[in-house]
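Observations on the three-dimensional arrangement
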Amino acid sequence: FPSQLSASMLQRVVIARALVTSPDFVVADEPIAMADVSVRAMILELMIRCKEMFDLTYLFITHDLATCKYICHRIAIMYLGKIVEIGPLEEVFRNPVHPYTATLLEAVPVPDPRYRRTYPMPKGEIPSAINPPPGCSFHPRCPIAEPSCQVRMPHLVEVSPGHQVACSVRARAGEI
């Protein structure tokens with residue numbers, strides 16, 4: 001019975017149920033969120049093996065950017081339901097252009113006590129997703145926001161092949 005399974009066992013059952021129909025595309029929404037830390041790597045390895053064996057494509061939805069490194073080739077960073085940066089995983093991790101992406105990457109724990117964060121953490125509360133602020137939705141918390149950010153929602157602009165960012169401040173500064 002389901003009540004007799006642990007959270008990580010349930011997660012594996014969910015993965016098996018998703019694969020039983022032989023799909024080409026699987027939406028995995030927080031697939032390891034319920035698993036213990038010791039089991040997460042095992043579930044990720046299972047997903048990677050299934051990806052290779054069944055030629056799967058995953059839409060891997062997570063808040064854990066460190067996990068993305070193990071399973072993703074491309075990444076889209078969203079803030080309040082809008083994509084603010086998208087591109088090849090290595091490129092986005094190496095060269096985060098949007099301030100929110102840089103903030104998320106700074107929040108990933110680093111196992112080095114000498115490491116010091118260099119990017120400012122956003123201030124204030126997360127705005128309502130139901131009633132987002134006008135313009136760029138990140139502007140109330142953005143460390144580089146300008147008055148124009150309150151008016152216009154920036155469009156995705158290509159920074160490098162396949163890497164796009166929505167930030168009018170960076171675009172105006174010639175960083176995009």
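What comes next is a walk through the structure. (Residues numbered from 1 in each chain as written. Predicted model: local features only at pLDDT ≥ 70, side-chain atom pairs only at ≥ 80, totals over all residues. Heavy atoms only, no water.)

With that settled, consider the sheet that holds strand S6 (residues 163–165). Ordered by their spatial adjacency, four strands build an open sheet running S3-S4-S6-S5, and the pairing between neighbours is antiparallel. Two strands lie at the open edges of the sheet, namely strand S3 (74–79) and strand S5 (157–160), each paired on one side alone. Looking at each pair of strands side by side, their axes are set apart by 30° on average, direction ignored. Bridge count for strand S4 (residues 82–88) against S6 is two bridges, and the pairing is antiparallel. Across the sheet, residue isoleucine 86 finds its bridge partner in S6, namely glutamine 164. (Pairing = 2+ DSSP bridges. Helix = DSSP H or I, 4+ residues; strand = E, 2+ residues; numbered from the N terminus. Axes fitted to C-alpha atoms, helices over the stretch in contact; angles between N-to-C directions.)

Time to look at unusual backbone geometry. Unlike most non-glycine residues, serine 22 shows phi in positive territory, near 55°. A relative accessible area of 62% means that serine 22 is categorised as exposed. One non-glycine residue, leucine 80, adopts positive backbone phi at about 50°. In this structure, leucine 80 sits in the loop between S3 and S4. (Buried < 20%, exposed > 50% of the residue type's maximum accessible area, 1.4 Å probe, protein only.)

Count 3.6 residues to each turn of an α-helix, and residues three or four apart come out pointing the same way. The first and last C-alpha atoms of helix H1 (residues 7–19) sit 19 Å apart over 13 residues, in line with the 18 Å expected at 1.5 Å per residue. Buried within H1 we find Ser8, Gln11, Ile15 and Leu19. Seen along its axis, H1 keeps its buried residues to an arc of 75°; they face one direction. Tucked into the core, H1 has its buried residues touching strand S1 (25–29) and helix H2 (37–54). (Expected span 1.5 Å × (residues − 1). Arc of directions from axis to C-beta. Contact = heavy atoms within 4.5 Å.)

This part covers the nonpolar core. Inside soluble globular proteins, nonpolar side chains tend to come together where they are buried. With 35 residues, the main nonpolar core has Ile43, Met47, Tyr58, Phe60, Ile71 and Ile75 as its most contacted residues. Of all elements in the fold, only H1, S1, H2, strand S2 (57–61), helix H3 (65–71), S3, helix H4 (89–94) and helix H5 (99–107) reach the threshold of two or more residues within this core. It is H2 that contributes the most residues to this core, six residues altogether. Setting aside its immediate chain neighbours within four residues, phenylalanine 60 contacts Ala28, Pro31, Leu44, Met47, Thr67, Ile71 and Cys72. (Core = buried A, V, L, I, M, F, W, Y, C linked by side-chain atoms within 4.5 Å.)

Following the criterion strictly, the structure yields three salt bridges and no others. Arginine 94 is the partner of glutamate 91 in a salt bridge, and the nearest nitrogen-oxygen pair spans 2.9 Å. With a gap of three residues between them, glutamate 91 and arginine 94 both fall in helix H4, about one helical turn apart. On the accessibility criterion, arginine 94 (59% relative accessible area) is exposed. (Salt bridge = Lys/Arg side-chain N within 4 Å of Asp/Glu carboxyl O.)

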